[in-house]
Structure formats: C-alpha cells, structure tokens
Amino acid sequence: MAVRAVRGAVQLERDDAEHMDAQVGALLTAILERNGLTADDLISIWFTATPDLHSDFPAAAARALGITDVPLICAQELDIEGAMPRVVRVLAHIESDRPRADIHHVYLGAAAALRKDIAQ
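First things first, this report covers the structure right here in the doc.

Basis of the calculations
Residues numbered from 1 in each chain as written. Predicted model: local features only at pLDDT ≥ 70, side-chain atom pairs only at ≥ 80, totals over all residues. Heavy atoms only, no water. Helix = DSSP H or I, 4+ residues; strand = E, 2+ residues; numbered from the N terminus. Pairing = 2+ DSSP bridges. Axes fitted to C-alpha atoms, helices over the stretch in contact; angles between N-to-C directions. Contact = heavy atoms within 4.5 Å. Expected span 1.5 Å × (residues − 1). Buried < 20%, exposed > 50% of the residue type's maximum accessible area, 1.4 Å probe, protein only. Polar contact = N/O pair within 3.5 Å; in protein donor to acceptor, adjacent residues only side chain to side chain.

## Brief notes about unusual backbone geometry
Its identity as a non-glycine residue notwithstanding, arginine 86 has a phi of 55°, on the positive side. Within the secondary structure layout, arginine 86 lies in the loop between β3 (72-76) and β4 (87-96).

Right, dumping it as structure tokens:
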C-alpha cells in the first residue's frame, strides 16, 4: 500500500461556522467518494484557511463526519494580495494502491479556478 496525497479546496460564501461545516464536509465527502476511500484509508489531513475566516476550525467538519481517529491540523493560509477570499484548502494523506496519476483532486465551486490543471 502506497502513501498518496489528495488536494482539495472550497470557497465559502460567508464566514459562518455552520456554513463552513457544511462546505468543508461536502469537500471531504467528495474527496472520499471520488477516490473510492473510507475514513480507514486516511493517514492525516492538513487544513488551511484564508485569514478572513474566523468562525470555526475547518477540522471540526471532519469530526462532524465521524473522522475521529485521524490526526488533523489547521493552519492559516498566506495573506497574499489579490488571492481568492474565504477559501479552505485540504491536503489529505492516504493509503492507496492507486497510481499517483489516478488520484482525483477536488476543487468545489469557485475554488476550481485555483487549480484548473488538476481540478475534477
């Protein structure tokens, strides 16, 4: 079994804890579904949020989905002038037999513009 990394992002409409939970939950669910993964395949997840998001920790959405025994960490994204606002990014480390080229990165909604080269 190899260790792989899966990327993803979602742009929030507003800085609200319930909205963040729903949107990050949808992102994590899409990452798992599109890659045929379960929570048991997860090694760890890094979350970053742009500096304009203050309402909650993105990792709370993973816990709400039942991902309770996977190490999670949150960090603040760099504050770059002109960057897309209200974005949560995910970097999940997984165990998978899939070749790296078959990993599906997930960028939902407007966040797809962040990585047009790999967004699914």
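## Considerations on the environment of glycine 66
Summarising the element assignment, glycine 66 is placed in the loop between α2 (59-64) and β3. Considered as a pair, glycine 66 and alanine 39 are 27 residues apart in the sequence and their alpha carbons are 8.3 Å apart.

## A few points about the sheet that holds strand β5 (residues 106-108)
Either a parallel or an antiparallel arrangement is found when strands of a sheet pair, and the pairing is made through backbone hydrogen bonds. Strand order across the open sheet formed by five strands is β3-β2-β4-β1-β5, with mixed pairing between neighbours. Bordering the open sheet on either side are β3 and β5, each of which pairs with just one other strand. For this sheet, the mean inter-axis angle between neighbouring strands, taken without regard to orientation, is 15°. Bridge analysis of strand β1 (residues 2-11) against β5 gives three bridges, and the strand direction is parallel. Note that in β5 the partner of glycine 8 across the bridge is valine 106. Against the sheet, helix α1 (residues 17-34) contacts β1, β2 (42-49), β4 and β5, and its axis sits at roughly 145° relative to β5.

## Comments concerning α1
Here α1 is 18 residues long and its end C-alpha atoms lie 25 Å apart, about the 26 Å a rise of 1.5 Å per residue gives. Along α1, the positions that sit buried rather than exposed are His19, Met20, Val24, Gly25, Leu27, Leu28, Ala30, Ile31 and Leu32. Elements that come into contact with the buried residues of α1 comprise β1, β2, α2, β4 and β5. In this structure aspartate 16 caps α1, since a side-chain oxygen of it lies 3.2 Å from the backbone nitrogen of glutamate 18. Looking one or two places after α1, you find glycine 36, whose phi comes out positive at around 60°.

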